[in-house]
Amino acid sequence: MTQQRTTSSSNEGSVALACEETFAPLPELSDAEVMERNRARLGYRAAKRAFDIAFSAVVLAALMVPGLVLALAISLDSPGGPVFRQERVGRGGRPMRIFKFRSMRADAHEHPERYLDEAQLAAWRREQKVEGDPRVTRLGRFIRKTSIDEFPQFVNVLMGDMSVVGPRPVTEAETHEFGEHRDLALSVRPGVTGLWQVTERNEVTWENGDRQRIELEYVRRCCLRMDAGIVVGTLGAMARKTGR
């Protein structure tokens, strides 16, 4: 575990430091200045959006048939529809609905008390994840480990609600975990993958502050080189099956 943490921290550092020559040191810029600078970077924003559209279209086209097979398998594995939809907060605080392949029992979010004990419920309400979550289905364990459950979010990318790379989509309640940096965190599109995916994604929490730190680090330092590094790192994370 220690070796994995060291490797993950090294990955985060190498990806983030790739853009140090582009950005001034973080303490020199206020949140308002970072947001203004990011808005003014028209070339980066145009290139990022072009990549989002092209990459998502290719992924969805390539995975259309396998996706239909997986959807059927999910429906056969446990009662309920194959696609999970949930409210999240997008760029600028606008509400949106994200799509994922369902990896839990159909009523897992509406009635978590049916499956979780008090300690697990407390962890779920705080972090939206539980170690050894009993609500996850047999097939769900596999698609989570390989991050296949995230693939329908490429539809969100084509709709313009998300980007391929960005902070993790959050609920309204979770946005307040950023405190005074809430507006900064919501100033960019959330991503299908992000800096959290190529670091210790299973270890970071709101409670210890690592989740906030990693998400804000991306917003402050985002650039094409960082985005490319995150995409490559995500493919490695999927191959290693590090999801939960």
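Residues numbered from 1 in each chain as written. Predicted model: local features only at pLDDT ≥ 70, side-chain atom pairs only at ≥ 80, totals over all residues. Heavy atoms only, no water.

### Thoughts on the pairing of strand E2 (residues 95-101)
The side chains of a regular strand alternate, residue by residue, between the two faces of the sheet.
Now for step 1: Where burial is concerned, most of E2 is hidden: 5 out of the 7 residues are buried.
Now for step 2: Bridge count for strand E1 (residues 83-89) against E2 is 7 bridges, and the pairing is antiparallel. Bridged to Phe 84 within E2 is Lys 100. (Buried < 20%, exposed > 50% of the residue type's maximum accessible area, 1.4 Å probe, protein only. Helix = DSSP H or I, 4+ residues; strand = E, 2+ residues; numbered from the N terminus. Pairing = 2+ DSSP bridges.)

### Looking at helix H11 (residues 224-240)
Now for step 1: Between its first and last C-alpha atoms H11 spans 24 Å; for 17 residues at 1.5 Å apiece the expected length is 24 Å, and the two agree.
Now for step 2: Among all positions of H11, only Met 226, Asp 227, Ile 230, Val 231, Thr 234 and Ala 237 are buried. One face of H11 carries all of its buried residues, which in axial projection span an arc of 140°. For H11, exposure combined with an orientation more than 90 degrees from the buried face picks out Arg 225, Val 232, Leu 235, Ala 239 and Arg 240. (Expected span 1.5 Å × (residues − 1). Arc of directions from axis to C-beta.)

### Details of empty space enclosed by the protein
Now for step 1: What the rule picks out here adds up to 1 cavity of 30 Å³ or more.
Now for step 2: What lines the largest cavity is a set of 13 residues, among which Pro 167, Arg 168, Val 170, Ala 185 and Leu 186 lie closest to the centre.
Now for step 3: Its residues placed into classes, the lining of the largest cavity shows 9 nonpolar, 1 polar and 3 charged. (1 Å grid on protein atoms, 1.4 Å probe; cavity = no way out; pocket = protein on both sides within 12 Å on 5 of 7 lines; lining within 4 Å. Points joined across faces, edges and corners; volume = space filled by probe spheres on them. Nonpolar A, V, L, I, M, F, W, Y, C, P; charged D, E, K, R; others polar.)

### Side note on the packing of aromatic side chains
Now for step 1: Tallied over the entire structure, the rule returns 4 aromatic pairs.
Now for step 2: Between Phe 51 and Phe 55, the ring centres sit 5.1 Å apart and the planes meet at 25°, which makes this aromatic pair stacked. Separated by 4 residues within a single helix, Phe 51 and Phe 55 lie in helix H3 (residues 42-62), roughly one turn from each other.
Now for step 3: For Phe 51, a relative accessible area of 38% corresponds to the partly exposed category. (Phe/Tyr/Trp six-rings, centres within 6.5 Å; stacked < 30°, edge-to-face > 60°.)

### Considerations on a nonpolar patch on the surface
Now for step 1: Judged by side-chain polarity, Met 64, Val 65, Leu 68 and Val 69 come together as a nonpolar surface patch covering roughly 440 Å² of accessible area.
Now for step 2: Among the structural elements, Val 65 can be located in helix H4 (residues 64-77).
Now for step 3: We classify Val 65 as exposed; its relative accessible area is 60%. (Patch = residues over 30% accessible without salt bridge, like charges linked within 9 Å, V, L, I, M, F, W, Y side chains within 5 Å. Areas by Shrake-Rupley, 256 points an atom, 1.4 Å probe, with all protein chains shown as cover. Salt bridge = Lys/Arg side-chain N within 4 Å of Asp/Glu carboxyl O.)

### Remarks on the confidence of the model for the chain
Now for step 1: Summary statistics for the chain give a mean pLDDT of 87 and a share of 86% for residues scoring 70 or more.
Now for step 2: pLDDT under 50 marks residues 1-9. Its contacts with residues more than four places away, or in other chains, come to 7 contacts. (pLDDT = per-residue confidence, 0-100. Contact = heavy atoms within 4.5 Å.)

### Some details on the pattern of salt bridges
Now for step 1: Evaluated as defined, the whole model comprises 13 salt bridges.
Now for step 2: The salt bridge involving Arg 114 is made with Asp 107; its shortest N-O contact spans 2.6 Å.
Now for step 3: A residue is classified by how much of its surface remains accessible, and Asp 107, at 18% relative accessible area, is buried.
Now for step 4: Arg 211 serves as the salt-bridge partner of Glu 215, at 3.1 Å between the closest nitrogen and oxygen. Here the residue Glu 215 and the residue Arg 211 both occupy positions in helix H10 (residues 210-221), the gap between them amounting to 4 residues, near one helical turn.
Now for step 5: With relative accessibility at 2%, the residue Glu 215 sits in the buried group.
Now for step 6: What you see here is one network of salt bridges that share partners, running through Lys 100, Asp 149 and Glu 150.

### Comments concerning the nonpolar core
Now for step 1: By size, the foremost hydrophobic cluster in this structure holds 21 residues, and its most contacted members are Tyr 218 and Ile 230.
Now for step 2: Mapped by element, the contributors of at least two residues to this core are H3, E2, helix H7 (153-159), strand E3 (163-165), H10 and H11.
Now for step 3: Looking at which element gives the most residues to this core, the answer is H11, with 3 residues.
Now for step 4: With residues up to four places along the chain from it excluded, the contact list for Tyr 218 reads Tyr 44, Lys 48, Val 165, Gly 166, Pro 167, Leu 195, Met 226, Asp 227 and Ile 230. (Core = buried A, V, L, I, M, F, W, Y, C linked by side-chain atoms within 4.5 Å.)

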